[in-house]
Amino acid sequence: MKYPDFRLTDRVAVVTGASKGLGQGTALALAHAGAHVVVTSRVQERAEPVAAEIREMGREALPLPLEVREVDSIEAMVQATVARFGRIDILVNNAGINIPEQALEVTEEHWDRLMDINLKGLFFCAQKVGKVMVGQGSGKIVNIGSQMGFVGGRLRAAYCSSKGGVVQLTKALAIEWAPHGVNVNGVAPTFLRTPFTAAMFENKEFYEEVVGNILFGRLGEVEDVLGAIVFLASSAADLVTGHTILVDGGWTIH
């Protein structure tokens, strides 16, 4: 009997948007499971503290700048990673934004910015890293989506569109790359308490609306999501591909 193994010993992981919030937690969780981590951020200096924590765990960490809206930046990050480690075993596509606004007020500029980061950037990160993984015959890609890729939400027309695209893109990439030993999955969290969401939860009415839709009666924490990410990045998920795991506290079942 071969038992599930969630360890990531000496695997090389890339995490986009890893300086804060879920990205930071993901980078640390992967390192805790044994991986060496490429910590990316638009501003490299912001990735340095996370990289330092990873090194304190006894893992290697490589902080790199990454602007996911620019394919050249993605390519440079991938090349630097391969030059340092020789391979990429795990990619967590975490970088993303939201611009809450009424659908009648969404501007072309805001729509394009959100799509460029949440969907276009995610695709080209997957593509560039995917070429490395296909070449080596193995790899795990985890796309961070949202429960809003499955349900609608006020003030989130563009955001829901982008995250719905992530769900479908995950399926399409999984079909193409499975023959090459590459698993592509997603994780879709509910509203999490992070530095990015703190301001929105100062609105008591909005906070109560959100908590009222989560069956456990509380906001999600970064720690609630990390287990699903580590699972999908591990050999325990070798026969799982094309799926998006909802970590939503039951929001989407009622």
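Residues numbered from 1 in each chain as written. Predicted model: local features only at pLDDT ≥ 70, side-chain atom pairs only at ≥ 80, totals over all residues. Heavy atoms only, no water.

**Student:** Hey, could you go over the sheet that holds strand β9 (residues 244–247) for me, with residue numbers and the actual values?
**Tutor:** Read across the sheet, seven strands follow the order β3-β2-β1-β4-β5-β6-β9 without closing on themselves; strand pairing throughout is parallel. Both edges of this open sheet fall to β3 (61–65) and β9, since each of them pairs with a single strand only. Adjacent strand axes in the sheet meet at a mean angle of 15 degrees, parallel and antiparallel pairs treated alike. Strand direction decides the pairing type here: strand β4 (residues 90–93) and strand β5 (residues 139–144), joined by four bridges, are parallel. The residue bridging V92 from the neighbouring strand is V142, located in β5. Strand contacts of helix α4 (residues 108–136): β4, β5 and β6 (182–189), with the helix running at about 175 degrees to β4, the strand carrying the most contacts. Against the sheet, helix α7 (residues 222–233) contacts β4, β5, β6 and β9, and its axis sits at roughly 170 degrees relative to β6. (Pairing = 2+ DSSP bridges. Helix = DSSP H or I, 4+ residues; strand = E, 2+ residues; numbered from the N terminus. Axes fitted to C-alpha atoms, helices over the stretch in contact; angles between N-to-C directions. Contact = heavy atoms within 4.5 Å.)

**Student:** Outline the nonpolar core, listing residues and values.
**Tutor:** Among the nonpolar cores identified, the biggest contains 35 residues, and L30, V37, I54 and V187 are the most heavily contacted of them. Elements represented by at least two residues in this core include exactly β1 (12–15), α1 (21–32), β2 (36–41), α2 (44–56), β4, β5 and α7. With eight residues, α7 is the single largest residue contributor to this core. Core analysis: the next-biggest nonpolar cluster, separate from the first, contains 29 residues, F85, L91, I117 and L173 among them. (Core = buried A, V, L, I, M, F, W, Y, C linked by side-chain atoms within 4.5 Å. Buried < 20%, exposed > 50% of the residue type's maximum accessible area, 1.4 Å probe, protein only.)

**Student:** Break down unusual backbone geometry for me, citing the residues and quoting the values.
**Tutor:** Notably, D10 is not glycine yet its phi reads approximately 65 degrees, a positive angle. Relative to the elements of secondary structure, D10 occurs in the segment before β1. For D10, a relative accessible area of 52% gives the class exposed. If you check the backbone angles, L155 has positive phi at about 65 degrees while not being a glycine.

**Student:** So, the side chain of S73: which residues are in play, and what are the values?
**Tutor:** Inspection of the secondary structure assignment puts S73 in helix α3 (residues 71–85). Relative accessible area serves as the criterion here: at 15%, S73 is assigned to the buried category. Those residues in contact with S73 that sit more than four places away from it in its chain are P65, L66 and E67.

**Student:** Quick rundown of the pairing of β5? Include the residues and the values.
**Tutor:** Looking down a regular strand, the side chains alternate between one sheet face and the other. With six of six residues buried, β5 lies mostly within the body of the structure. Burial along β5 is two-sided: G139, I141 and N143 and K140, V142 and I144, pointing in opposite directions, are all buried. The pairing of β5 with β6 spans six bridges and is classified as parallel. Bridge assignment links G139 to a residue of β6, and that residue is V182.

**Student:** Explain the packing of aromatic side chains residue by residue, including any values.
**Tutor:** Counted according to the given criterion, the structure contains seven aromatic pairs. A centroid spacing of 5.6 Å and a plane angle of 40 degrees characterise the contact between F191 and W251, whose relative ring orientation is tilted. Linking F191 in the loop between β6 and β7 (192–193) with W251 in the segment after β9, this pair joins segments that are 60 residues apart in sequence. Its relative accessible area of 11% is what places F191 among the buried residues. With a relative accessible area of 11%, W251 lands in the buried category. A centroid spacing of 6.3 Å and a plane angle of 85 degrees characterise the contact between F201 and Y207, whose relative ring orientation is edge-to-face. Judged by its relative accessible area of 12%, F201 falls in the buried class. What links up through ring pairs into an aromatic cluster is the set F191, F201, F206, Y207 and W251. (Phe/Tyr/Trp six-rings, centres within 6.5 Å; stacked < 30°, edge-to-face > 60°.)

**Student:** Describe the packing of α3 against α4, and please don't skip the residues or the numbers.
**Tutor:** Axis separation between α3 and α4 bottoms out at 10 Å; the angle between their running directions is 35 degrees. For the pair α3 and α4, the sense of crossing is right-handed. Seen from α3, the contacting residues are V71, I74, E75, V78 and V82; seen from α4, they are G121, F124, C125, K128, V129 and V132. The class makeup of the residues in the contact of α3 with α4 is eight nonpolar, one polar and two charged. (Left-handed = near helix turned anticlockwise from the far one by under 90°. Nonpolar A, V, L, I, M, F, W, Y, C, P; charged D, E, K, R; others polar.)

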